[in-house]
Protein chains: 2
Amino acid sequence: MTPGLLIVVSGPAGVGKGSIVRKMMDYDENIVLSVSATSRPPRATEAEGVNYFFKTREQFEAMIKNDELLEWVEYCGNYYGTPKEWVCREVEKGKVVVLEIEVDGASNIRRLFPDCVLCFVIPPDFKELENRLRGRGTETDDSVKARLTRAIEEFKLIDKYDYLIMNDTIENAADSFFSIIRSERMRTSRNQLMIDNFKNLNRSE
Amino acid sequence: MTPGLLIVVSGPAGVGKGSIVRKMMDYDENIVLSVSATSRPPRATEAEGVNYFFKTREQFEAMIKNDELLEWVEYCGNYYGTPKEWVCREVEKGKVVVLEIEVDGASNIRRLFPDCVLCFVIPPDFKELENRLRGRGTETDDSVKARLTRAIEEFKLIDKYDYLIMNDTIENAADSFFSIIRSERMRTSRNQLMIDNFKNLNRSE
């Protein structure tokens, strides 16, 4: 069986993380998006275990206390976080779980899940990031400025990541991302069972 | 500039290393085969620096003494080895240098060239390796047995390698190999200059 994998993707707002991940998921049905837990009540269209794992505040706070979350945030009065158990189960099944998070959470995920792979998406250059944020048409000038200032802070943490994915075009970036997944699954450290089979061969076989 | 890379490929006789590398070289003109030094006299069709770097025995022995070779062997009375300087120069130019060597040499290459990537090619299963060796039609029964015994010894050193490339078909294996090259070139540790540029940005730019 091909080994499972937890892939973390970070990068500044506007760099195109979501588009790259969506494009790349078409390449391999074993690639799945991480499902978050939340204390927010479900909307009519949302299903348990598909969009979110729905929890009460008390349940969520117990998960925080018991270190059951790879990362979590409180946003507009609701908790959001990634349940470690679900990720572990999917990876054990051989799935590639993709988790899109802020840079602050990446170190914590490596601590709780040492075999994870950390990818950082960069724009071709900084000006291009500004153009993309303005191109959205939904950001005020102040909001663009705030996001660019935040991007500069995020760049300072790039060294924590394993790989840089340059988003020059969505197609190239999705190909690059998929190369990382393919090659990480070929790591000797992730294929110990197969290696042991080869190491234990003898001429009688 | 995309970073250069030294890729070492090992694997048992008959596993198809040569075919995979030749196929994969069509994918990117930056992939080059390592050029060996030898004390063997040039043949009429051979050109200096293309097929080999031709050296006298004395010159070659001086290279050994001065640690100028990534690996070397003596075979049928002639020396063969990989000049470190040539590899370094090509990698600095941004080339991906592919070096096919025996398992014994791999550890030494990592010592002299810590940033190298070690790949080991495995057959889908052991029986298939035997079939391929017999299928060559050039091997005696004793020679097949000797090669298989040697393969079992080589498998014991797989843990020294970074990646396993399964050669189920040449096309798949060449794709796998190329994924490794692509992703290794995206490693943050190989892109420090680009990272420093992003880290040194400030809002005035």
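Every chain's residues receive numbers from 1 upward, in the order its sequence appears when written. All chains are assigned letters beginning with A, and all ligands numbers beginning with 1, in the order in which they are written. Where totals are concerned, whole chains, interfaces and linings use all residues; where local detail is concerned, this predicted model gives features only for residues with pLDDT of at least 70, and gives and counts side-chain atom pairs only at 80 or more.

Novice: Describe the overall build of chain A, naming the residues involved and giving the relevant values.
Specialist: Put simply, DSSP marks the helices as runs of H or I at least four residues long and the strands as runs of E at least two long, and each gets a number from the N terminus on. A count of helices and strands for chain A gives 8 helices and 9 strands. Exposed residues have 12 or fewer other C-beta atoms within 10 Å of their own C-beta, buried residues have 20 or more, and residues in between are partly exposed; the C-beta atoms are placed from the backbone. Expressed as a percentage of the 205 residues in chain A, the buried residues total 35%. Whether two residues are in contact depends on their C-beta atoms, placed from the backbone: they are in contact if these lie within 7 Å. Excluding contacts between residues fewer than 6 apart, the proportion of contacts in chain A whose partners are at least 24 apart in sequence is 70%.

Novice: Describe in detail the interface of chain A and chain B, supporting the description with residues and values.
Specialist: Facing 30 residues of chain A, the contacting portion of chain B comprises 30 residues. For the side of chain A that touches chain B, the secondary structure elements donating two or more residues are helix H6 (141-155), strand S9 (163-166), helix H7 (170-185) and helix H8 (192-199) of chain A. Here the term charged refers only to Asp, Glu, Lys and Arg, the term nonpolar to Ala, Val, Leu, Ile, Met, Phe, Trp, Tyr, Cys and Pro, and the term polar to all other amino acids, Gly among them. The residue inventory of the side of chain A that touches chain B, partitioned by class, reads 15 nonpolar, 7 polar and 8 charged.

Novice: For the pairing of strand S8 (residues 117-122) of chain A, give the residues involved together with the corresponding values.
Specialist: Remark: a regular strand shows side chains that alternate across the two faces of the sheet. All names here are of chain A. Taken across its 6 residues, S8 has 6 buried, putting it largely inside the fold. Burial of the side chains of S8 extends over both faces: Val117, Cys119 and Val121 are buried on one face and Leu118, Phe120 and Ile122 on the other. Two elements, strand S1 (residues 5-10) and S8, share 4 bridges in a ladder whose sense is parallel. Note that in S8 the partner of Val8 across the bridge is Leu118. Criterion used throughout: strands pair if DSSP finds at least two bridges between them. Bridge count for S8 against S9 is 4 bridges, and the pairing is parallel. Pairing of Ile122 across the sheet is with Met166, part of S9.

Novice: Can you tell me about the packing of helix H5 (residues 126-135) of chain A against H6(A), naming the residues and giving the values?
Specialist: All names here are of chain A. With axes taken as lines fitted to C-alpha atoms, and helix axes fitted only over the stretch in contact, angles between N-to-C directions fall between 0 and 180 degrees. Where H5 contacts H6, the axes come no closer than 10 Å and their chain directions differ by 145°. Between H5 and H6 lies a crossing whose hand is right-handed. Packed against H5, whose contacting residues are Leu129, Glu130, Leu133 and Arg134, the element H6 presents Val144, Arg147, Leu148 and Ala151 at the interface. Definitions for this section: a left-handed crossing has its near helix turned counterclockwise from the far helix by less than a right angle. A right-handed crossing has that turn clockwise.

Novice: Describe the sheet that holds strand S5 (residues 69-75) of chain B, and please don't skip the residues or the numbers.
Specialist: Residue and element names in this part refer to chain B. The strand order across the open sheet formed by 4 strands is S4-S3-S6-S5, and the pairing between neighbours is mixed. Looking along the sheet, the strands with just one partner apiece sit at the ends: strand S4 (52-54) and S5. Across the sheet, the mean angle from the axis of one strand to that of its neighbour is 25°, orientation sign disregarded. As paired strands, strand S3 (residues 36-38) and S4 are joined by 3 bridges and run parallel to one another. Residue pairing in the sheet places Ser36 in a bridge with Tyr52 of S4.

Novice: Describe the pairing of strand S7 (residues 96-100) of chain A, listing the residues and the values that go with them.
Specialist: All names here are of chain A. Of all 5 residues that make up S7, 4 are buried, and the element is covered over most of its length. Where S1 meets S7, 5 bridges bridge the pair, whose relative direction is parallel. Within S7, the residue paired with Leu5 across the bridge is Val96.

Novice: Residue-level account of the nonpolar core, with values.
Specialist: The tendency in soluble globular proteins is for nonpolar side chains to be buried side by side. Linking buried Ala, Val, Leu, Ile, Met, Phe, Trp, Tyr and Cys residues through C-beta atoms within 7 Å yields a set, and such a set is a nonpolar core. If you look at the biggest cluster of nonpolar residues, it comprises 50 residues, and the most contacted ones within it are A:Ile7, A:Val8, A:Cys119, A:Val121 and A:Phe177. Of all hydrophobic cores here, the second largest spans 49 residues; its members include B:Leu69, B:Val96, B:Val117 and B:Leu164.

Novice: Now, about the relation of the copies chain A and chain B: what can you tell me, with residues and values included?
Specialist: Our superposition of the copies is a least-squares fit, built on the C-alpha atoms of residues whose pLDDT is at least 70 in both. Each copy of the sequence occupies a distinct position, and chain A is placed on chain B by a rotation of 180° and an axial shift of 0.0 Å, giving an RMSD of 0.0 Å. Expressed as an axis order, the relation between the two copies is that of a two-fold axis. Among all residues of chain A, the one whose C-alpha sits closest to the rotation axis is A:Ser179, at a distance of 2.3 Å. Both copies contact each other with a shared surface, as 100% of the interface residues of chain A are interface residues in chain B too.

Novice: With reference to specific residues and values, describe the environment of B:Lys127.
Specialist: Note on placement: B:Lys127 falls in helix H5 (residues 126-135). Residues B:Lys127 and B:Arg40 lie 87 residues apart in sequence; the distance between their C-alpha atoms is 37 Å.

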